[in-house]
Amino acid sequence: TTTAGAVTVGTLSGFVGSETVTATGSASAYSSANVGSYSTTVTYTLTNGTNGGLASNYSLASGSATGNIIKANQTITFVALAAKAFGDANFSLTATASSSLTVSYSSSNPGVATVSGSTVTIVGVGTTTITASQTGNSNYNAATSVDQTLTVNKGNQTISGVASTASKYVGDTYAVGGTASSGLALSYTSSNTGVATVDASGNVTVIGAGTATLTVSQAGNSNYDAATNVTQILTATLPPIWTNPITGTNPNTSNPYTTGDVKNANITVSGIGRGSGVAGANATDRYNATGWNIASLDATKYFEFTITPASGYQVSFTSFVYVGAASGTGPTSVALRSSLDSYGSNIGSATVNGTTLSLSAASFQNVSSPITFRLFAWGASASTGTFSVNDFSFNGSVDVIPPAITINGGTSGTATAFTATYGTPATAQTFTIAGSNLTANITASAPTGFEVSSNGTTYG
């Protein structure tokens, strides 16, 4: 120590008679607190004794002493380590030595965790022993090392970036997407491969109308638990056979307006037109007209749509969907009618602002000739009142007309009984066979004992 300290004085002698005095000693401070051997000066102080001895009658010479400072022991305080999960951030170790010297660390299993300085980096799942040590120095002995077990559990992972629903048309392709927080690759499945298939990269091909649940999963590995699956509900519908979002400035300047038409390849369409009883009115992103100020339906005041199937094809409709708008003095009543009954009856309940009108009736199925729909409007309070169609879609399917064969004008023919004499051919019977939309030749085969001819002359 570098602090002065008291010295115990032994038995004194040389007093006169029975006199005594009391002596106390004080050693000077060591020159250093470090380990070593040091000399110090001892100074004595005399005080009067209790039996009349006077300190002034005596003296006690100063002396010297040698002392040794030896290495001190030290201990390490290192508390238990909380369990970690793979993927957790680096963390610091906080062991302390009673000497205040720096503690060093090591890991018994660098495949689980490594230590640099006092910072631990998690490498894998498992357990490792973290050892805290202090090797001492010139003044302190090495401390007894302290071990703590670090347990690293599998990490959690989540899947993000997947929309919960999707609405697509048959024929569309798209990517489900998604990422795992672990960075591991995702897996994809479809609950209904008749509606949609999905490949290993999450690319979806929509092949049929209906719904399918697309499941995105990540099974985990040696370091990560499996993620909770994420699903997307896909609703697939047939694409419109004809649609137009109607965009641009003053579409009304064209009659009909065809810009923006998107249609099935096996039909032709007219575009949206208007009847002779109404006039186009300027507007943006809508097909607009005036002249609806009549009290009831007028056969010349309408918007018109015509669809013509290509040869060999037929259309089966499901619905007509449109968005409309009317000004404050515009029409208040709307009706959709078709050429199939010469525009004689309403189809569903049309509205000024638009709606979905069903075309599932039998008369709108398997239509193979041109069909026109007209959207009539009336009830405007002023001739300048406007009504517009802002967008529209005809939905359904366009299919090849199936082959048809007739026999004698019907679906079958029956021969009457043949009368024949052995060795003499019977009188021939004739059947007229016709076909339409055929994909192959018609073949007529005679039963055993009979022959057939296509020209009435050559039999076989």
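Just so it is clear, the model here is predicted, and its values are computed rather than measured.

K.L.:
How should I be thinking about the overall build of the protein in this particular structure?
P.N.:
Counting its regular elements, the protein contains 0 helices and 36 strands. Its C-alpha atoms give the protein a radius of gyration of 52 Å, clearly above 23 Å, the size a compact globule of 460 residues would have. When its C-alpha atoms are laid out on the principal axes, the protein stretches across 180 × 85 × 30 Å. Taken over 460 residues, the protein has a buried fraction of 33%. Partitioning the contacts of the protein with sequence separation of at least 6, the portion at a separation of at least 24 is 65%. Total accessible area on the protein stands at roughly 24,500 Å², and carbon and sulfur atoms take up 50% of it. Taking the average place of the 10 positive charges on the side chains of the protein and the average place of its 14 negative ones, the gap between the two points comes to 9 Å.

K.L.:
Looking at this model, I keep getting lost on the sheet that holds strand β7 (residues 91–92). Mind explaining?
P.N.:
The strands making up a sheet are joined through hydrogen bonds of the backbone, oriented either antiparallel or parallel. Across the sheet, which stays open at both edges, the 3 strands sit in the order β7-β11-β10 with antiparallel pairing between neighbours. Since the sheet does not close on itself, it has two edges, and those belong to β7 and β10 (113–116), each with one partner. Note: β10 against strand β11 (residues 119–122), 4 bridges, orientation antiparallel. If you follow V115 over to β11, its bridge partner there is V120.

K.L.:
Explanation requested: unusual backbone geometry in the structure shown.
P.N.:
Note on backbone geometry: most residues besides glycine have negative phi, and most peptide bonds are trans. In this structure, the amide linkage connecting N255 to the following residue, P256, adopts the cis form with an omega of 10°. Mapped onto the secondary structure, P256 falls in the loop between β23 (242–244) and β24 (262–263). Positive phi values are uncommon outside glycine, yet S100 reaches one of about 70°. Structurally, S100 can be placed in the loop between β8 (96–97) and β9 (104–107). Among the residues examined, S100 registers a relative accessible area of 65% and is labelled exposed.

K.L.:
Explanation requested: the sheet that holds strand β15 (residues 165–169) in the structure shown.
P.N.:
Read from one edge to the other, the open sheet built from 4 strands follows the order β15-β22-β21-β18, with strand pairing classed as mixed. The sheet terminates laterally at β15 and β18 (187–190), the two strands that pair on one side only. Averaged over all neighbouring strand pairs, the angle between strand axes comes to 25°, with direction disregarded. As paired strands, β15 and strand β22 (residues 230–237) are joined by 5 bridges and run parallel to one another.

K.L.:
Explain the pairing of strand β20 (residues 203–206) here, please?
P.N.:
Across a regular strand the side chains alternate sides, sitting on one face of the sheet and then on the other. Along β20, the buried face is formed by V204 and V206; none of N203 and T205, which line the opposite face, is buried. Taken together, the 3 bridges between strand β16 (residues 173–175) and β20 define a ladder with antiparallel strand orientation. For Y174, the partnering residue across the bridge sits in β20 and is V204. Judged from the 3 bridges that link them, strand β19 (residues 196–198) and β20 form a sheet pairing that is antiparallel.

K.L.:
How should I be thinking about the pairing of β22 in this particular structure?
P.N.:
Burial along β22 is one-sided: the residues V230, Q232, L234 and A236 are buried and none of T231, I233, T235 and T237 is. By the bridge criterion, 7 bridges tie strand β21 (residues 210–217) to β22 in an arrangement that is antiparallel. Among the inter-strand pairings, T215 is bridged to a residue of β22, identified as T231.

K.L.:
Help me understand the nonpolar core in this model?
P.N.:
As a rule of thumb, soluble globular proteins bury nonpolar side chains together. F303, F305, F317, F373, L375, F392 and F394 are the most contacted members of the largest nonpolar core, which has 36 residues in total. Mapped by element, the contributors of at least two residues to this core are β28 (287–290), β29 (302–309), β30 (313–326), β31 (333–338), β33 (371–378) and β34 (386–400). Among the elements that make up this core, the one with the highest residue count is β34 (5 residues).

K.L.:
Where do I start with the environment of Q365 in this structure?
P.N.:
By the secondary structure assignment, Q365 is in the loop between β32 (354–358) and β33. When its relative accessible area of 25% is taken as the criterion, Q365 is described as partly exposed. It is 32 Å that separates the C-alpha atoms of Q365 and D285, two residues lying 80 residues apart in sequence. Leave out the neighbours within four places in its chain, and Q365 touches V315, S316, F317, L359 and S360.

K.L.:
I'm lost on the environment of A440 in this one. Help?
P.N.:
Mapping A440 onto the fold places it in the segment after β36 (433–436). With 37 residues separating them along the chain, A440 and P403 place their C-alpha atoms 9.3 Å apart.

K.L.:
Can you walk me through the side chain of R374 in this structure?
P.N.:
Following the sequence through the fold, R374 ends up in strand β33. For R374, a relative accessible area of 18% corresponds to the buried category. Within the structure, the side chain of R374 is placed 3.4 Å from the side chain of Y302, a separation counted as a polar contact. A polar contact is formed between the side chain of R374 and the side chain of E304, at a distance of 2.6 Å. Leaving out residues up to four positions away in the same chain, R374 has contacts with A299, Y302, F303, E304, A335, L336, R337 and Y343.

K.L.:
For this particular structure, what's the right way to read the environment of T430?
P.N.:
By secondary structure assignment, the location of T430 is in the loop between β35 (404–407) and β36. As for T430 and D199, which are separated by 231 residues in sequence, their C-alpha atoms are 58 Å apart.

K.L.:
Before we go on, may I ask you to explain the packing of aromatic side chains in this structure?
P.N.:
Aromatic rings in a pair are described by how distant their centres are and how their planes are angled relative to each other. For the coordinates displayed, the defined rule picks out 22 aromatic pairs. Their ring planes at 90° and their centres at 5.1 Å tell us that F86 and Y224 sit as a pair that is edge-to-face. A residue pair is termed long-range when its members are at least 10 positions apart, and F86 in the loop between β6 (84–85) and β7 and Y224 in the loop between β21 and β22 qualify at 138 residues. Residues F86 and Y224 agree in their burial class; the two are buried. Feature note: the residues W242, F305, F317, F320, Y322, F364, F373, F392 and F394 constitute an aromatic cluster, connected by ring pairs. In this structure, K84 packs its charged tip against the face of F91, placed 4.5 Å from the ring centre. Taking the ring centre of Y174 as reference, the NZ or CZ of K168 above it sits at 4.7 Å.

Parameters and conventions
- Residues numbered from 1 in each chain as written.
- Predicted model: local features only at pLDDT ≥ 70, side-chain atom pairs only at ≥ 80, totals over all residues.
- Heavy atoms only, no water.
- Helix = DSSP H or I, 4+ residues; strand = E, 2+ residues; numbered from the N terminus.
- Rg over C-alpha atoms; globule rule 2.2 N^0.38 Å.
- Buried < 20%, exposed > 50% of the residue type's maximum accessible area, 1.4 Å probe, protein only.
- Contact = heavy atoms within 4.5 Å.
- Areas by Shrake-Rupley, 256 points an atom, 1.4 Å probe, with all protein chains shown as cover.
- Lys, Arg positive; Asp, Glu negative; His and termini not counted.
- Charge placed at Lys NZ, Arg CZ, Asp CG, Glu CD.
- Pairing = 2+ DSSP bridges.
- Axes fitted to C-alpha atoms, helices over the stretch in contact; angles between N-to-C directions.
- Core = buried A, V, L, I, M, F, W, Y, C linked by side-chain atoms within 4.5 Å.
- Polar contact = N/O pair within 3.5 Å; in protein donor to acceptor, adjacent residues only side chain to side chain.
- Phe/Tyr/Trp six-rings, centres within 6.5 Å; stacked < 30°, edge-to-face > 60°.
- Lys NZ or Arg CZ within 6 Å of the ring centre and 35° of its normal.

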